[in-house]
Amino acid sequence: MTNFSDDVISGVTGHMNGDHTDDNLLIARAFGYPEATASAMVGVTGVAGHWRVTDDAGEHELAVAWPGGPISERPEIRREVVAVYTAACARLGVPARDEHQGQPDDQGQQHAHAGHEHGAQHDGDAVEPAGDRPFSVVIRESSWSDHSDSEGATFMEDIMRGKGSLQDYIDLVAQHYFMYEALEAAADQVAGDPGFAGFHTPSLVRLPALEADLEHLVGADWRDQIVAVPATLEYAARMREVAAEGWVAGVVAHHYTRYLGDLSGGQYIAKRVAKQHQLPSAGIAFYDFTELGDLAEFKNQYRAALDVLGAQLEDAERTRMLDEVRTAYAFNTAVFRDLGQAKLAAA
């Protein structure tokens, strides 16, 4: 049986838990847990995908064998996840999304399955926003392999699996503070630009929630206690650089990677951490987007705004924005790597 490396597993599960929470839940309900209320992908092997599922009876481990048989290469994972999703739709009698019927894989082959929202791109591949595909779809496709591609970037996976300590979570919250301090300042800088309309609303702002979380988790002197890892400092500096340039599409690239992840996989993280460490709302306020109303509807509106923006950009500018999305994912991975290294050094 093929054992994929940690960085591959982290990339795939990070993608599924960041952008495909609904698909994870659908898979859980189709393959053994019809009353599932939450589902997160936690592993990948050569023979199956693995999910942790929650229903009224508690938590369960679910393994779904790859429909096409054993696999050994990373590009094959995408194909088999699509096949699992399609099979789940068939079992439940719901239509599979047809956004990517006929989309090529890495070898130029045509996938027979539909339903996934990212292509299987590799680092350095150019992603062309060709055809009449919505720009929001092109963006999601462009980052399939970029959610986490660095060796040892398992810090976040440990948190999602319930293996992380409370201090691990506190360290993550601290990095979020530095990230969102830069991101929300960047959003303010371009707020008056028509191209930024439809992306940032007051209900999205996270800094007050992060401050409340840190005061609860660390204490009143939290500002003197938290430290940004090197990758977080570089990440924040990049967001400030993009904002100083007045590059709206670049700000949106970072805005998208952060907020859409918080609204998707972040919701699972909040439930996991709250249960594991018995945290009240003050400790996980960062993930509370109640003021936005229906999160699925908000994400649909956000993606519609991406489509509008993409239609307004020249091809070169769209490609530049896609590159910046990948840069943002790379920074996220580097932050997790630095957090993991700092944890090992402190042990």
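A quick note: this is a predicted structure, and the numbers were derived from the prediction, not measured. (Residues numbered from 1 in each chain as written. Predicted model: local features only at pLDDT ≥ 70, side-chain atom pairs only at ≥ 80, totals over all residues. Heavy atoms only, no water.)

*Asks:* Tell me about the environment of Ser281, residues and numbers included.
*Replies:* Within the secondary structure layout, Ser281 lies in the loop between helix H11 (265-277) and helix H12 (295-312). Measuring from C-alpha to C-alpha, the distance between Ser281 and Asp213 comes to 8.4 Å, with 68 residues separating the pair along the chain. (Helix = DSSP H or I, 4+ residues; strand = E, 2+ residues; numbered from the N terminus.)

*Asks:* Describe the pairing of strand S1 (residues 38-44), with residues and values.
*Replies:* Within S1, seven of the seven residues are buried, leaving the element largely enclosed by the surrounding structure. Looking at chain direction, S1 and strand S2 (residues 48-55) are connected through six bridges and run antiparallel. Directly across from Ala40, in S2, lies its bridge partner Arg52. Hairpin connection of S1 to S2: three residues between the antiparallel strands. (Buried < 20%, exposed > 50% of the residue type's maximum accessible area, 1.4 Å probe, protein only. Pairing = 2+ DSSP bridges.)

*Asks:* For H11, give the residues involved together with the corresponding values.
*Replies:* For H11, spanning 13 residues, the distance from its first C-alpha to its last is 18 Å, which sits close to the expected 18 Å at 1.5 Å a residue. Gln278 sits one or two residues past H11 and shows a positive phi near 50°. (Expected span 1.5 Å × (residues − 1).)

*Asks:* I'd love a proper account of the sheet that holds S2, names of residues and values included.
*Replies:* Strand order in this open sheet of three strands is S1-S2-S3, and the pairing throughout is antiparallel. The open sheet has two edge strands with one neighbour each: S1 and strand S3 (58-65). The average undirected angle you get between the axes of adjacent strands in this sheet is 25°. Its contacts with the sheet place helix H2 (residues 21-30) against S1, S2 and S3, and it is angled at close to 90° to S1. (Axes fitted to C-alpha atoms, helices over the stretch in contact; angles between N-to-C directions. Contact = heavy atoms within 4.5 Å.)

*Asks:* How would you summarise the pairing of S3 if you had to cite specific residues and measurements?
*Replies:* Bridge count between S2 and S3: eight bridges; the pairing is antiparallel. Following the sheet pairing, Thr54 is matched in S3 by Glu59. Connecting the antiparallel pair S2 and S3 is a turn made up of two residues.

*Asks:* Can you explain the pattern of salt bridges? Please cite residues and give values.
*Replies:* One pass over the full model with this rule turns up 13 salt bridges. With its nearest N and O atoms 3.4 Å apart, the salt bridge here joins Arg223 to Glu211. One end of the pair, Arg223, is in helix H8 (residues 222-225); the other, Glu211, is in helix H7 (residues 207-217), with twelve residues separating them in the sequence. Of the charged contacts, one joins Asp338 and Arg337 as a salt bridge, the two residues approaching to 3.8 Å between their closest N and O atoms. In the salt-bridge network here, residues are joined through shared partners; they are Glu76, Arg79 and Glu80. (Salt bridge = Lys/Arg side-chain N within 4 Å of Asp/Glu carboxyl O.)

*Asks:* Please set out unusual backbone geometry residue by residue, giving values where relevant.
*Replies:* Even without glycine at this site, Gln278 takes up a positive phi of about 50°. Looking at the element boundaries, Gln278 is found in the loop between H11 and H12. The exposed category is assigned to Gln278, whose relative accessible area is 68%.

*Asks:* Tell me about the packing of aromatic side chains, residues and numbers included.
*Replies:* Enumeration over the complete set of coordinates arrives at nine aromatic pairs. Centre to centre, the rings of Tyr235 and Phe331 are 5.3 Å apart; their planes meet at 10°, and the pair counts as stacked. Pair noted here: Tyr235 is in helix H9 (residues 230-245) and Phe331 is in helix H13 (residues 315-346), with a separation of 96 residues, a long-range link. The two residues Tyr235 and Phe331 agree in class, both being buried. One aromatic cluster in this structure is built from Tyr180, Tyr259, Phe286 and Tyr287. Here the basic side chain of Arg206 rests over the ring of Phe289, its NZ or CZ set 3.9 Å away from the ring centre. The aromatic ring of Trp247 is capped on one face by Arg320, whose charged end is 3.6 Å from the ring centroid. (Phe/Tyr/Trp six-rings, centres within 6.5 Å; stacked < 30°, edge-to-face > 60°. Lys NZ or Arg CZ within 6 Å of the ring centre and 35° of its normal.)

*Asks:* Explain the environment of Gln276 to me, and be specific about the residues and the numbers.
*Replies:* On the secondary structure map, Gln276 appears in helix H11. By relative accessible area, which is 28% here, Gln276 ends up partly exposed. Excluding its chain neighbours within four sequence positions, the residues that come into contact with Gln276 are Ile159, Gly162, Lys163 and Gly164. Here Gly164 takes part through its backbone oxygen, which lies 2.9 Å from a polar atom of the side chain of Gln276. (Polar contact = N/O pair within 3.5 Å; in protein donor to acceptor, adjacent residues only side chain to side chain.)

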